[in-house]
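Residues per chain, in single letters:
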Amino acid sequence: MGTNKATSVNGNQTLHAFFKGAVVPMDEAKVSVMTHALHYGTAVFEGIRGNWNEEKGKMFIFRMREHYERLIRGCKILMLDIPYTADQLCNITVDLIMTNGHDSDIYIRPLAYKSAEVVANLKLQDLDSDFTLITVPFGNYLGTDILRCCTSSWRRVDDNMIPTQIKSAGIYVNSLLAKTEATLAGFDEAIILNQDGHVSEGSGENVFMVSGGKLHTPRLEDNALPGITRDTVIQLAQDEMGLQVMERSIDRSELYLCDEVFLSGTAAHLTPVVSLDSRDIGTGKPGPISLELQKMYFDIVAGKNPKYLHWCTDVTPVSIPA
Ligand code: PMP
């Protein structure tokens, strides 16, 4: 594994990508303008984090297999035939990380896409597919440790419009419209309601609320993505803090009046929301339950909690001769 080490992130050399079945320099990983996915959003992707543990000199990839299982579910729905199992995708990822020699936090972005160079064909069953993967250095996605949010004027797509349980490329137009509207209006993030007016999620995060000493989060039937961080938070809240977790429909005004809100996501980590639509949430500061869960989460994703090491795949970068 990782024998074709040719680049160094620290040496400012080219990163490599997995493209058309091989590891190639990033600037050779190019698709044609005819590519179907570019025109129609016919792709599914994942966002996975590799967290660098300086003390151990290792990268810890968080819940990689679950991410690839979600990708494969997406491939099924979009009829994307890729010749890899979840385990093979995990191995390809470990190899690429070693090739790229990362020694800081990274974002891992696999993409299964309709690679057919065909225009004006809307039959998924006709179109060839391929798989590509990049890994890039990645820091704080939200650019802030606390969030001031607004309720988006955009509604979350309904599952029978575009499936909401998978990360298809096309559905992200919905997220981008909401995130763009929120940030242009001076907020950090959008809270998106579903067609019924219930809270669904953020533009790239699940939503949690603390109220009455319990943790509440929108049920998946309200079109929230089944987030891997969401699942992590639910397990930690129950098992480590003894909190009751309610997956249920949540109204917008409940968020105004609850004690704490936070968002969860691979890129976003677990980040407290301190205001919504210019109303302070709780005290207007990150709450104790959010902070305790956040601390636990940060330790776990960087491989610092032995009890949860089974959620992490560790990768030791190969040292390259100068
Ligand atoms: N909702 C949306 C729309 C997202 O893009 C993401 C990020 N993948 C999430 C929720 C959180 O999912 P996860 O915790 O699996 O990253």
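Since the structure is predicted, the reported quantities are computational estimates derived from the model, not experimental observations.

(A) Spatial organisation of a nonpolar patch on the surface. A surface patch of nonpolar side chains, amounting to about 390 Å² of accessible area, comprises Val33, Met34, Leu38 and Val119. Tracing the sequence through the fold places Met34 in the loop between strand S2 (22-25) and helix H1 (36-40). According to the relative accessible area criterion, Met34 is partly exposed, its value standing at 36%.

(B) Structural view of the site of the ligand. Lys167, Tyr172, Ile228, Thr229 and Thr266 are the nearest of the 15 residues found near the ligand. At 2.9 Å, a side-chain N or O of Arg70 approaches an oxygen atom of the ligand. For the shell around the ligand, the secondary-structure elements that each account for two or more residues are helix H5 (228-241) and strand S14 (260-265). Partitioning the shell around the ligand into residue classes produces three nonpolar, eight polar and four charged.

(C) Spotlight on the environment of Leu122. One can find Leu122 in the loop between strand S6 (106-114) and strand S7 (129-137). Sequence-wise, Leu122 and His36 are 86 residues apart; in three dimensions their C-alpha atoms are separated by 9.4 Å.

(D) Quick look at unusual backbone geometry. Of note, Asn223 is a non-glycine position whose phi angle comes to about 75°, a positive value. Residue position: Asn223 is located in the loop between strand S12 (214-217) and H5. Residues other than glycine seldom take positive phi values, yet His269 does so here, at roughly 55°. Mapped onto the fold, His269 is located in strand S15 (residues 269-276).

(E) How the structure looks around the packing of aromatic side chains. Applying the stated criterion to the full structure yields 11 aromatic pairs. A ring pair is formed by Phe18 and Tyr84, whose centres lie 6.0 Å apart and whose planes are at 75°; its orientation type is edge-to-face. Taken as a pair, Phe18 in strand S1 (residues 16-19) and Tyr84 in the loop between helix H2 (64-77) and helix H3 (86-100) lie far apart in primary sequence, 66 residues in all. Assigned by exposure class, Phe18 and Tyr84 land together as buried. A centroid spacing of 5.8 Å and a plane angle of 65° characterise the contact between Tyr84 and Phe131, whose relative ring orientation is edge-to-face. Highlighted residues: Tyr84 in the loop between H2 and H3 and Phe131 in strand S7, separated in sequence by 47 residues. Of the two residues, Tyr84 and Phe131, both sit in the buried class.

(F) Structural context of the pattern of salt bridges. Overall, the coordinates contain 15 salt bridges when judged by the stated rule. Between Glu189 and Lys179 there is a salt bridge whose closest N-O contact spans 3.1 Å. With Glu189 in strand S9 (residues 189-193) and Lys179 in helix H4 (residues 172-184), this pair connects stretches of sequence that are 10 residues apart. Here Glu189 matches Lys179 in class, with each residue buried. Salt-bridge contacts for Asp277 lead to Arg252; the nearest nitrogen and oxygen are separated by 3.2 Å. Taken together, the residues span a long stretch of sequence, with Asp277 in the loop between S15 and strand S16 (279-280) and Arg252 in helix H6 (residues 252-257) at a distance of 25 residues. Accessibility expressed as a relative area gives 13% for Asp277, which makes it buried.

Criteria and cut-off values
- Residues numbered from 1 in each chain as written.
- Predicted model: local features only at pLDDT ≥ 70, side-chain atom pairs only at ≥ 80, totals over all residues.
- Heavy atoms only, no water.
- Patch = residues over 30% accessible without salt bridge, like charges linked within 9 Å, V, L, I, M, F, W, Y side chains within 5 Å.
- Areas by Shrake-Rupley, 256 points an atom, 1.4 Å probe, with all protein chains shown as cover.
- Salt bridge = Lys/Arg side-chain N within 4 Å of Asp/Glu carboxyl O.
- Helix = DSSP H or I, 4+ residues; strand = E, 2+ residues; numbered from the N terminus.
- Buried < 20%, exposed > 50% of the residue type's maximum accessible area, 1.4 Å probe, protein only.
- Near = heavy atom within 4 Å.
- Polar contact = N/O pair within 3.5 Å; in protein donor to acceptor, adjacent residues only side chain to side chain.
- Nonpolar A, V, L, I, M, F, W, Y, C, P; charged D, E, K, R; others polar.
- Phe/Tyr/Trp six-rings, centres within 6.5 Å; stacked < 30°, edge-to-face > 60°.

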